[in-house]
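Chains, contacts and geometry: an overview
Take a look at the letters that make up each chain.
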Amino acid sequence: MKPLYKQLFALVQVLSCLLCLHLVFPKLLMLNWSGTAGEEAVFVLVFWIVSSLFIGGSVIASVIYSILFIKKEAPLERSKLASGVFNSSVLRLVLSLSSFIGPFFSFMIVSEFYRNLLPIDNFEAKLKAAFVLGTTTFLICLPLTLQMQKTLVGRAREKFPDLEIEE
């Protein structure tokens, strides 16, 4: 059975957003959601979609960057190229921080459209809220992120048996 990382990440993002809206923001930032349950559901859905786009886009961009950087050095065969991509510090950093990157930027964008339901006074307050949400999601996702990286390396080794990956 293959792990269901996409579904688990989606669930954690949604739960993290709800946790922040109802517990963390009111206690830590004195910020309260003032909309209905339906409006909140739409907010969380839009937040999740935008966050997923940021995560997917950042991972794809880091893979493309890694491939272009490695190919610039010298033409390589597939396994050497894959080895270089998996050992790339950019890819490792983006995979590690993806659970922070997506929610942070997603909240910065989506909260702008919900200013009347989530009253944030200024840019600094919005930045704090986005940082808290991103950090909360990152901390909740950390065990899942570490397991996902191990699984990804394992699958890469299955596909490319001669792959040299630093762990």
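Look up a bit, the structure's there.
Counting restarts for each chain: residues are numbered from 1 in the order of the written sequence. With the structure being a predicted model, the display of local features is reserved for residues of pLDDT at least 70 and the display and counting of side-chain atom pairs for 80 or more, all residues being used for whole-chain, interface and lining totals. With hydrogens and water stripped out, all remaining heavy atoms of the structure feed into the side-chain values.

Section: a nonpolar patch on the surface
Note the threshold: Residues enter patches when they are more than 30% accessible in relative terms and free of salt bridges; like-charged ones are connected within 9 Å and nonpolar ones (Val, Leu, Ile, Met, Phe, Trp, Tyr) within 5 Å. Accessible surface area values rest on a Shrake-Rupley calculation with a 1.4 Å probe, where residue burial reflects the displayed protein chains alone. Should a side-chain nitrogen of Lys or Arg be within 4 Å of a carboxyl oxygen of Asp or Glu, the pair is scored as a salt bridge. The secondary structure listing takes helices from DSSP runs of H or I that are at least 4 residues long and strands from runs of E that are at least 2 residues long, numbered from the N terminus. Relative accessibility decides the category of a residue: with a 1.4 Å probe and only protein chains considered, values under 20% of the type maximum give buried, values over 50% give exposed, and everything between is partly exposed.
Taken together, Leu 4, Leu 8, Leu 11 and Leu 15 make up a surface patch of nonpolar side chains, about 360 Å² in accessible area. Among the structural elements, Leu 8 can be located in helix α1 (residues 5-29). Residue Leu 8 is classed as partly exposed on the basis of its relative accessible area, which comes to 38%.

Digging into the nonpolar core
Rules: Nonpolar cores were defined as sets of buried Ala, Val, Leu, Ile, Met, Phe, Trp, Tyr and Cys residues, with membership established by side-chain atoms within 4.5 Å. When checking whether two residues touch, look at their non-hydrogen atoms; a contact exists if any pair is within 4.5 Å.
Leu 21, Phe 25, Phe 43, Phe 107 and Leu 118 are the most contacted members of the largest nonpolar core, which has 23 residues in total. Put simply, the parts of the chain that give this core at least two residues each are α1, α2 (37-73), α4 (89-113) and α5 (123-159). The dominant element in this core, judged by the number of residues it contributes, is α4, at five residues. Sequence-distant contacts of Leu 21, that is, excluding residues within four places in its chain, are made with Pro 26, Trp 33, Glu 40, Phe 43, Val 44 and Leu 118. The next biggest cluster of nonpolar side chains, apart from the first, holds nine residues, and it includes Val 12, Leu 91, Cys 141 and Met 148.

What about the packing of aromatic side chains?
Cut-off, in case you're wondering: Note on ring pairs: Phe, Tyr and Trp rings are taken, using the six-membered ring of Trp, and paired if centres are within 6.5 Å. Classes follow the plane angle, with under 30 degrees stacked, over 60 edge-to-face and the rest tilted.
Inspection of every chain in the model, using the stated rule, returns nine aromatic pairs. Measuring from centroid to centroid gives 5.0 Å for Phe 43 and Tyr 114, while their planes differ by 80°, and the two rings are edge-to-face. Taken together, the positions of Phe 43 in helix α2 and Tyr 114 in the loop between α4 and α5 put the pair 71 residues apart, joining distant regions of the chain. This pair shows no difference in class: Phe 43 is buried, exactly as Tyr 114 is. Ring centres of Phe 104 and Phe 105 lie 5.1 Å apart, and the angle between their planes is 90°; on these two criteria the pair is classed as edge-to-face. What makes Phe 104 buried here is its relative accessible area of 13%. Linked through ring pairs, Phe 25, Trp 33, Phe 43, Phe 107 and Tyr 114 together constitute an aromatic cluster.

Let's talk about the layout of surface pockets
Here is the rule: Using protein atoms alone on a 1 Å grid, points that fit a 1.4 Å probe yet trap it form a cavity, whereas open point sets bounded by protein on both sides within 12 Å along at least five of seven lines form a pocket; residues with an atom within 4 Å of a point count as lining. Grid points are joined across faces, edges and corners, and a volume is the space filled by probe spheres set on the points. Classification used: nonpolar for Ala, Val, Leu, Ile, Met, Phe, Trp, Tyr, Cys and Pro, charged for Asp, Glu, Lys and Arg, polar for all others including Gly.
Roughly 760 Å³ of volume is contained in the largest pocket. Around the largest pocket, the lining is made up of 23 residues, and of these Tyr 5, Lys 6, Val 59, Leu 95 and Met 148 lie nearest the centre. Where the lining of the largest pocket is concerned, the elements lending two or more residues are α1, α2, α3 (78-86), α4 and α5. Here the residues of the lining of the largest pocket sort into 15 nonpolar, six polar and two charged.

Details of the side chain of Glu 40
Where we set the bar: This count recognises Lys and Arg as positive and Asp and Glu as negative, with His and chain-terminal groups excluded.
Looking at where Glu 40 falls in the secondary structure, it is placed in helix α2. With no salt bridge to any partner, buried Glu 40 finds its closest opposite charge in Lys 27, at an N-O distance of 15 Å. For Glu 40, the residues in contact, after removing those within four places along its chain, are Leu 18, Leu 21, His 22 and Trp 33.

With respect to the side chain of Lys 126
For Lys 126, the location among the structural elements is in helix α5. Among the residues examined, Lys 126 registers a relative accessible area of 9% and is labelled buried. Dropping the residues within four chain positions of it, Lys 126 is found in contact with Phe 107, Met 108, Ser 111, Glu 112 and Ile 120.

Some thoughts on the environment of His 22
Following the sequence through the fold, His 22 ends up in helix α1. Judged by its relative accessible area of 45%, His 22 is partly exposed. Distance from His 22 to Asn 32, taken between C-alpha atoms, is 7.4 Å for residues 10 residues apart in sequence.

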